[in-house]
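# Chain and residue survey
Here's the letter readout for the chains.
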Protein chains: 2
Amino acid sequence: MKRVAISIGDINGIGIEIALKAHNIIKERVKPLYMIDREMLESASKLLKVDIPNDFETIALNLNSFAINPGEISKDSGYYSFASFKKAVDLAKDGAVDAIATLPIHKKAWELAGVGYKGHTDALRDFFKQDAIMMLGCNKLFVALYTEHIPLKDVPKKIQKEPLKRFLLNFAKSINSDKIAVLGLNPHAGDGGVLGDEESIIIEAIEEANQEIDIFDGVFVPDIAFTPKMRQKYRYFVAMYHDQGLAPLKALYFDESINVSLNLPILRTSVDHGTAFDIAYRGGSVSLKSYINAIEYINNEK
Amino acid sequence: MKRVAISIGDINGIGIEIALKAHNIIKERVKPLYMIDREMLESASKLLKVDIPNDFETIALNLNSFAINPGEISKDSGYYSFASFKKAVDLAKDGAVDAIATLPIHKKAWELAGVGYKGHTDALRDFFKQDAIMMLGCNKLFVALYTEHIPLKDVPKKIQKEPLKRFLLNFAKSINSDKIAVLGLNPHAGDGGVLGDEESIIIEAIEEANQEIDIFDGVFVPDIAFTPKMRQKYRYFVAMYHDQGLAPLKALYFDESINVSLNLPILRTSVDHGTAFDIAYRGGSVSLKSYINAIEYINNEK
């Protein structure tokens, strides 16, 4: 059974509740290790009125305890969530675990705590000095983003043959699939150049990538790339920009989706939702789907 | 019962088959008038082995007949489909019908025939010298496109307060709804300006439009605008560009969707698919859903 380091996310959010409630489900699939000090865990458990399972194995961060303030952006919880994440990464680097799964952090809390990263993927890129690939989705549909968190107006100039070709090949090496659908940039994939010409660059990148690993199809017309017929044929897609891939994905599979960091020395999966401060510690029901799918992805990896 | 002029689209495509097969269904909802000469109709009927219903009322175009060539792009069929459309528009202009529904034409065939328009909407804009609004969708979800068939790189500079405000108000006047969701342009709707700042313009346009017709909400983060929760709350959305709205729409409701031209003196609805030359006159099954929904939209209009 694979060993998975789980970072507990922002403790003022829903991460720890998910970890506690899903433990009995995920322990059937992997051996989880939780990056949290016992004292903080006990505070959360009391506040949530959710018992700590007997076999809930923790790895100490050895940080000072602080009061949990449900739904609040705080420096303490920001720092703690970063330390929890860092510990998970270190265990993976050392080979003590096979992969890491991360629960949601709050970007503003990281900022308050002086953490110099915008998020997990950003941090991982820096830790490993490698171009992590961000892939989101669920078993039915995965989308890798060629460009991510940049203004839309900056996207077209990023469509360049060499970086795109490199991205495609790195992506192909990171997944197990014999075909990948690559989207165009413009409406109707440019309609023969009338509605934009970046598709000619994308086509070249596809052709050159196919000379090394022959699994890329496209370019596909973006607005009909995610219709039922296409989804029957393809499970992996490359989107040229954030919303091109994520708007259809989230329209279809909102609460099932996960976030996977590929092309790194370690495998990291994550829930595809935030800290949900509005429902944290309120006693309502939280969805475990995304988290369980994130663990499932690790379990299914060769 | 409303009278509807139906243009039969490219006769080498699936339009006429849809019209014949759906007649008994749509005649329960509207009074259809088909823009086709009797001789051409009879040729199509024979070729399709689908009988012409007794009450299939046609309006003659008085054009020379020509041989139907299933699946072929031709000058004759291009010209004929334009004439059929033009006749429908003229009947609507004259008040002889309440609305028009169009079956798919082939753009290349129009080009061969010397028709100087890229498509129906383009032609309607010119006929009426008015800014037609293109809305696509089905009863569960309608998306109006602020920009349509332009390269992606030209979209950001089109985000301007006055034209957007005008668009919003024209759209509000064209539909019956007490709320409309307006999307941002950038990932995470710009995340407070870090990922692009066009959202500040969109917000201003929304605020000013709300001073006249107070039904606009937003800006919404594009990639989570079409999740189930949002779709429960909103039926009408304004997308800033083609694929932002249409990729999620088609992922969700591909064969149900229709195309509606708003903000014109006449109402025009259309199927949201092409001529499907690959299956025309092949005896397979064609989906009537989009066409029936296009008729249904007219029926439901006040």
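A brief look at the structure comes next. (Residues numbered from 1 in each chain as written. Chains lettered and ligands numbered in written order. Predicted model: local features only at pLDDT ≥ 70, side-chain atom pairs only at ≥ 80, totals over all residues. Heavy atoms only, no water.)

Since the α-helix packs 3.6 residues into each turn, any two residues three or four apart lie on the same face. Residue and element names in this part refer to chain A. Its 19 residues place the ends of helix α3 (residues 75–93) 27 Å apart at the C-alpha level, agreeing with the 27 Å of an ideal helix rising 1.5 Å per residue. All of the buried residues in α3 are Ser-77, Gly-78, Tyr-80, Ser-81, Phe-82, Ala-83, Ser-84, Phe-85, Ala-88, Val-89, Leu-91 and Ala-92. Regarding α3, its N-cap is Ser-74, as a side-chain oxygen of that residue lies 3.5 Å from the backbone nitrogen of Asp-76 further along. Gly-95 occupies a position one or two residues after α3 and carries a positive phi of about 80°. (Helix = DSSP H or I, 4+ residues; strand = E, 2+ residues; numbered from the N terminus. Expected span 1.5 Å × (residues − 1). Buried < 20%, exposed > 50% of the residue type's maximum accessible area, 1.4 Å probe, protein only. Polar contact = N/O pair within 3.5 Å; in protein donor to acceptor, adjacent residues only side chain to side chain.)

So, on to the interface of chain A and chain B. With 31 residues of chain A at the contact, the number on the chain B side is 31 residues. When chain A packs against chain B, the two sides together hide about 2900 Å² of surface, and 66% of this comes from carbon and sulfur. The interface formed by chain A and chain B includes two salt bridges. Note that Lys250(B) is salt-bridged to Asp223(A), the shortest N-O span being 3.0 Å. The tally of links between chain A and chain B comes to ten residue pairs in polar contact (both at pLDDT 80 or more). Listed by contribution, the elements that provide at least two residues to the side of chain A that touches chain B are α9 (228–233) and α10 (242–253) of chain A. When residues in the side of chain A that touches chain B are grouped by element, the largest group, eight residues, is from α10(A). (Contact = heavy atoms within 4.5 Å. Buried area = accessible area lost by both parts, 1.4 Å probe. Salt bridge = Lys/Arg side-chain N within 4 Å of Asp/Glu carboxyl O.)

Let us look at the packing of aromatic side chains. All told, the structure shown has 31 aromatic pairs over all chains when counted by the stated rule. Through a chain of ring-to-ring contacts, the aromatic side chains of Phe142(A), Tyr146(A), Phe167(A), Phe171(A), Tyr236(A) and Tyr297(A) assemble into a single cluster. Looking at Lys86(B), its charged tip hangs above the ring of Phe127(B), at a distance of 5.1 Å from the centre. (Phe/Tyr/Trp six-rings, centres within 6.5 Å; stacked < 30°, edge-to-face > 60°. Lys NZ or Arg CZ within 6 Å of the ring centre and 35° of its normal.)

Here the focus is the pairing of strand β5 (residues 133–138) of chain A. Residues and elements named next belong to chain A. Of all six residues making up β5, six are buried, and the element is well covered by its neighbours. Strand direction decides the pairing type here: β5 and strand β10 (residues 258–262), joined by five bridges, are antiparallel. By the bridge assignment, Met-135 is partnered in β10 with Val-260. By the bridge criterion, four bridges tie β5 to strand β6 (residues 141–145) in an arrangement that is antiparallel. Note that in β6 the partner of Met-135 across the bridge is Ala-144. (Pairing = 2+ DSSP bridges.)

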